[in-house]
Amino acid sequence: MMNLILYFSTVLIWGTTWLAIAFQIGDAPVTLSVSYRFGVAAAVLVLLLVLKGVSLKISKKNHLFALSLGGFLFSTNFICFYYATYYIPSGLNAVIFSLAPLLNAFNGWLFLRNTPDKRVIQGGIVGVIGVLLLFLPQILSTETNQLAIFGLVLSLAGTYCFSCGNFISSKAQSLHMPLLPTTAWGMAYGSGFLLILTVAMGNEILLPMDKDYLLSLLYLAIFGSVIGFNTYLLLVGRIGPQKAAYCTVLFPIIALMLSTWFEGYEWQWPAIVGVVMVIMGNLRVFGIDSQWLNRYRLFRQRLLDSSS
């Protein structure tokens, strides 16, 4: 039951954050917007821990884990996602992110030497073909619209950084890392790094007073980061990064619905087929399609037995 609560909480929260990211674009430098997001998230998380009497003191080893999480989960990946939103709708950004299970399998092979089984390879091929279909109009279109391909590359880079962060968190939790204090430090490190980067790039430190910007910032910081990341990372610690990435199967549907309503995303037949293939590819990676097929066969057999 707890795994189900964590799973659906993460799906609902992360399915809506992609549209909120779109409201962060243009009013401030991307590095500064992401820095604000995780700076606020870190402050809120620290306040909650202090009120609960939880110590923020962690070991030097956990500070290294927190620094790594800050680099992969709380800065670099979101710089890629935010910049990608300049070129592609937020819903497509979410669909690209749903390839995280495939990249988790790749990193499992790269770092742990776990050979991916046949269903992972099959699901990966289906998912990649689905993404290509999603971007087929841009691929075949004029040079102006080919900026969408750049958005695709940025989104893939962000997803790979997220996958690396998954394995760092999983390893840290297997060594009994205190999840919430280490996460708070990781968010603070990520925010600090991006603030330094903003200044180094010569950008002015400013806070836009636009209502949509501020509301989306608070939503991303509190729901998308404090609640969403901790439910997800707790799920990673309980069931592992591969199974925790089940979340990526469903929330692109929510993100695409919101993108259609609020951003005017126009559906074309290649896009519809592409989304279905990405989802089916993810289901194949996890073996869920086989489970459903077996349950259907068992249900059908019971009906036949009862009728006879």
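It should be noted that the structure appears before, not after, this text.
For every chain, the first residue of its written sequence is number 1, and the numbers climb from 1 along that sequence. In keeping with the predicted nature of the model, local features appear solely for residues at pLDDT of at least 70, side-chain atom pairs appear and are counted solely at 80 or more, and the whole-chain, interface and lining totals rest on all residues. Side-chain numbers here rest on the full set of heavy atoms in the structure, without hydrogens or water.

(A) Representation of the overall build of the protein chain within the structure. In DSSP terms, a helix is any run of H or I states spanning at least four residues, a strand is any run of E spanning at least two, and both are numbered starting from the N terminus. Scanning the protein chain from N- to C-terminus turns up 14 helices and zero strands. Ordered by position from N to C terminus, the α and β elements of the protein chain give α-α-α-α-α-α-α-α-α-α-α-α-α-α. Counting all 308 residues of the protein chain, 48% fall into the buried class. Every residue pair with non-hydrogen atoms within 4.5 Å of one another is taken to be in contact. Looking at the protein chain alone, contacts between residues at least 24 apart form 88% of all its contacts between residues at least 6 apart. Buried, partly exposed and exposed residues are distinguished by accessible area as a fraction of the type maximum, computed with a 1.4 Å probe on protein chains only: under 20%, between the cut-offs, and over 50%, respectively.

(B) A look at the environment of Ile253. Looking at the element boundaries, Ile253 is found in helix H12 (residues 247-263). On the accessibility criterion, Ile253 (34% relative accessible area) is partly exposed. Once the C-alpha coordinates of Ile253 and Gly15 are considered, the two residues, 238 residues apart in sequence, prove to be 7.6 Å apart.

(C) Up close: helix H1 (residues 2-22). With 21 residues, H1 should reach 30 Å at 1.5 Å per residue; the first-to-last C-alpha distance of 31 Å fits that figure. For H1, the full list of buried residues reads Leu6, Tyr7, Thr10, Val11, Ile13, Trp14, Gly15, Thr17, Trp18, Leu19, Ala20 and Ile21. Here the expected span of a helix is defined as 1.5 Å times the quantity of residues minus one.

(D) Structural view of the side chain of Thr231. Inspection of the secondary structure assignment puts Thr231 in helix H10 (residues 211-239). In protein, a polar contact means a hydrogen-donor-capable atom and an acceptor-capable atom, both N or O and within 3.5 Å, with residues adjacent in sequence counting only if both atoms are side-chain atoms; elsewhere, any N or O pair within 3.5 Å suffices. Side chain to side chain, Thr231 and Thr10 meet in a polar contact 3.0 Å long.

(E) Focus on a nonpolar patch on the surface. Exposure above 30% relative accessible area and the lack of any salt bridge qualify a residue for a patch; like charges then connect within 9 Å, and the nonpolar side chains Val, Leu, Ile, Met, Phe, Trp and Tyr within 5 Å. Using a 1.4 Å probe, the Shrake-Rupley method yields the accessible areas, and only the shown protein chains count as cover for residues. When a carboxyl oxygen of Asp or Glu lies within 4 Å of a side-chain nitrogen of Lys or Arg, that pair is called a salt bridge. Together, Met1, Met2, Leu4, Ile5, Phe8, Leu250, Ile253, Met257, Trp261 and Phe262 make up a nonpolar patch on the protein surface, roughly 1100 Å² of accessible area in all. Per-element tally for the nonpolar patch: the top contributor is H12, with five residues. Position of Leu4 relative to the elements: it lies in helix H1. By relative accessible area, which is 47% here, Leu4 ends up partly exposed.

(F) Focus on the packing of aromatic side chains. When the centres of two rings from Phe, Tyr and Trp lie within 6.5 Å, Trp using its six-membered ring, the rings pair. Their planes under 30 degrees apart give stacked, over 60 give edge-to-face, and anything left gives tilted. Counted under the stated rule, the structure contains 20 aromatic pairs. With 5.3 Å between their ring centres and 65° between their planes, Tyr87 and Phe150 make a pair best called edge-to-face. Residue Tyr87 is located in the loop between helix H3 (60-84) and helix H4 (90-97), and its partner Phe150 is located in helix H8 (residues 147-174); the two are separated by 63 residues in the primary sequence. Overall, the relative accessible area of 41% leaves Phe150 in the partly exposed class. Here the aromatic cluster, defined as three or more aromatic residues joined through ring pairs, consists of Trp14, Trp18, Phe38, Phe74, Phe78, Phe81, Tyr82, Phe97, Phe162 and Tyr232.

(G) Up close: H8. In this model H8 runs 41 Å from its N-terminal to its C-terminal C-alpha over 28 residues, within 8% of the 40 Å that 1.5 Å per residue would give. Trailing H8 by a residue or two, His176 shows a phi angle of about 65°, which is positive.

(H) Broad picture of the nonpolar core. Residues Trp14, Trp18, Tyr82, Phe229 and Tyr232 are the most contacted members of the largest nonpolar core, which totals 47 residues. Secondary structure elements with two or more residues in this core: H1, helix H2 (30-51), H3, H4, H8, helix H9 (179-200), H10 and H12. Ignoring any residue separated from it by four or fewer positions in sequence, one finds Trp14 in contact with Phe97, Phe162, Gly224, Gly228, Phe229, Tyr232 and Phe251. Ile88, Leu134, Val278 and Leu283 belong to the second largest nonpolar core, which has 19 residues in total. For this analysis, a nonpolar core means a set of buried residues of the types Ala, Val, Leu, Ile, Met, Phe, Trp, Tyr and Cys, connected via side-chain atoms within 4.5 Å.

(I) The side chain of Ser90, seen in detail. In this structure, Ser90 sits in helix H4. Judged by relative accessible area, which is 1%, Ser90 ranks as buried. A distance of 2.7 Å separates the side chain of Ser90 from the side chain of Glu263, its partner in a polar contact. Not counting residues within four places of it along the chain, the set of residues in contact with Ser90 comprises Trp18, Leu19, Ser259 and Glu263.

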